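Here is how the chains run, residue by residue.
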Amino acid sequence: AEWTFCHRLALDLELSKILLLLCQILERNSTINRYPLVVEQMLSYIQKHLTEPLTTSTLCLACGIYPSYGARLFRKHFNTTITEYILSKKLYYACELMNSTEMNISQIASYLGFCDVYYFSKCFKTKYGKIRCVRTSKMITSFLCIFLN
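Residues numbered from 1 in each chain as written. Predicted model: local features only at pLDDT ≥ 70, side-chain atom pairs only at ≥ 80, totals over all residues. Heavy atoms only, no water.

**Digging into helix H5 (residues 82-100)**
Look at H5: 27 Å from first C-alpha to last across 19 residues, which is about the 27 Å you get at 1.5 Å a residue. Restricting attention to buried positions, one finds in H5 the residues Ile82, Tyr85, Ile86, Lys90, Leu91, Tyr92, Ala94, Cys95, Leu97, Met98 and Asn99. (Helix = DSSP H or I, 4+ residues; strand = E, 2+ residues; numbered from the N terminus. Expected span 1.5 Å × (residues − 1). Buried < 20%, exposed > 50% of the residue type's maximum accessible area, 1.4 Å probe, protein only.)

Written out as structure tokens, the structure reads:
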């Protein structure tokens, strides 16, 4: 009986340590990923409307803030412009679409809200160095798109 009691104490101690570590991780993550509410709204709007033509003005109008204020907030928290962030997200999504669908470049550009397929191609080539991800090695290409993003 004494042997199991000692083991139970040791187990309780180890579980307490694990619980403490989990609490520390949660606390650290909550402070790292916390943005002002309006920034969270901007990110959510971008995610929900990624397949539409998005501008700083339309985004800020939807979030109820002035474009200049939204631009400053975005630069402060992400060290990039709203336009660059949206473009980066769209290009990453385009890479995913190339690997997971049979859509061609024109269809992907149109789906993501680009008015000009040539502009889309130029942006994609600038970011990823090539316009067509190799469909035969989807796993490798997906890794590269994640790695390069």
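There is more to say, and it comes next.
**Some thoughts on the packing of aromatic side chains**
For the structure on display, the rule yields nine aromatic pairs. Arranged with centres 4.8 Å apart and planes meeting at 40 degrees, the rings of Phe74 and Phe78 form a pair that is tilted. With Phe74 and Phe78 both in helix H4 (residues 67-78), this residue pair falls four residues apart, about one helical turn. With relative accessibility at 0%, the residue Phe74 sits in the buried group. Between the aromatic rings of Tyr93 and Tyr111, the centroid separation amounts to 6.2 Å while the plane-to-plane angle is 50 degrees, which identifies the pairing as tilted. Remark: Tyr111 occurs in helix H6 (residues 105-111) and Tyr93 occurs in helix H5; sequence separation between them is 18 residues. By relative accessible area, Tyr93 is classed as partly exposed at 25%. The class of Tyr111 is partly exposed, set by a relative accessible area of 39%. By the ring-pair criterion, three or more aromatic residues cluster together here, those being Phe114, Tyr119, Phe120, Phe124 and Tyr128. When the ring centre of Tyr128 is taken as reference, the NZ or CZ atom of Lys127 above it lies at 5.9 Å. (Phe/Tyr/Trp six-rings, centres within 6.5 Å; stacked < 30°, edge-to-face > 60°. Lys NZ or Arg CZ within 6 Å of the ring centre and 35° of its normal.)

**Examining the packing of helix H2 (residues 37-48) against H4**
At a closest axis distance of 10 Å, the pairing of H2 and H4 adopts a crossing angle of 90 degrees. With respect to H4, the axis of H2 lies roughly perpendicular. In this structure, H2 contributes Val38, Val39, Met42, Leu43 and Ile46 to the contact, and H4 contributes Gly70, Leu73, Phe74, His77 and Phe78. By residue class, the composition of the contact of H2 with H4 is eight nonpolar, two polar and no charged. (Axes fitted to C-alpha atoms, helices over the stretch in contact; angles between N-to-C directions. Parallel < 35°, antiparallel > 145°, perpendicular 65-115°, else oblique. Contact = heavy atoms within 4.5 Å. Nonpolar A, V, L, I, M, F, W, Y, C, P; charged D, E, K, R; others polar.)

**Digging into the nonpolar core**
Counting 16 residues, the largest nonpolar core has Met42, Ile46, Phe74 and Ile82 as the members making the most contacts within it. Contributing elements (two or more residues each) for this core: H2, helix H3 (56-63), H4 and H5. Of all the elements, H2 adds the most residues to this core, at five residues. If we ignore the near neighbours within four places in the chain, the residues touching Ile82 are Met42, Thr56, Leu59, Cys60, Gly70, Ala71 and Phe74. (Core = buried A, V, L, I, M, F, W, Y, C linked by side-chain atoms within 4.5 Å.)

**Some words on the layout of surface pockets**
Its boundaries defined by the atoms lining it, the largest pocket holds a volume of some 230 Å³. In this structure, the largest pocket is lined by Pro53, Leu54, Thr55, Thr83, Ile86, Leu87, Lys90, Gly113, Phe114, Cys115 and Tyr119. Tallying contributions element by element places H5 first for the lining of the largest pocket, with four residues. Within the lining of the largest pocket, the residues separate by chemical class into seven nonpolar, three polar and one charged. (1 Å grid on protein atoms, 1.4 Å probe; cavity = no way out; pocket = protein on both sides within 12 Å on 5 of 7 lines; lining within 4 Å. Points joined across faces, edges and corners; volume = space filled by probe spheres on them.)

**Observations regarding the environment of Thr80**
Structurally, Thr80 can be placed in the loop between H4 and H5. With residues up to four places along the chain from it excluded, the contact list for Thr80 reads Phe74, Arg75 and Tyr85. A distance of 2.7 Å separates a polar atom in the side chain of Thr80 from a polar atom in the side chain of Glu84. (Polar contact = N/O pair within 3.5 Å; in protein donor to acceptor, adjacent residues only side chain to side chain.)

**Describing the confidence of the model for the protein chain**
Considering every residue of the protein chain, the mean pLDDT works out to 81; 77% of them sit at 70 or more. In the model of the protein chain, helix H8 (residues 138-148) stands out as the element of lowest mean pLDDT, 48, in contrast to H3, which has the highest, 95. For the stretch residues 134-144, pLDDT sits under 50, and the model shows ten contacts to residues farther than four places along the chain or on other chains. (pLDDT = per-residue confidence, 0-100.)

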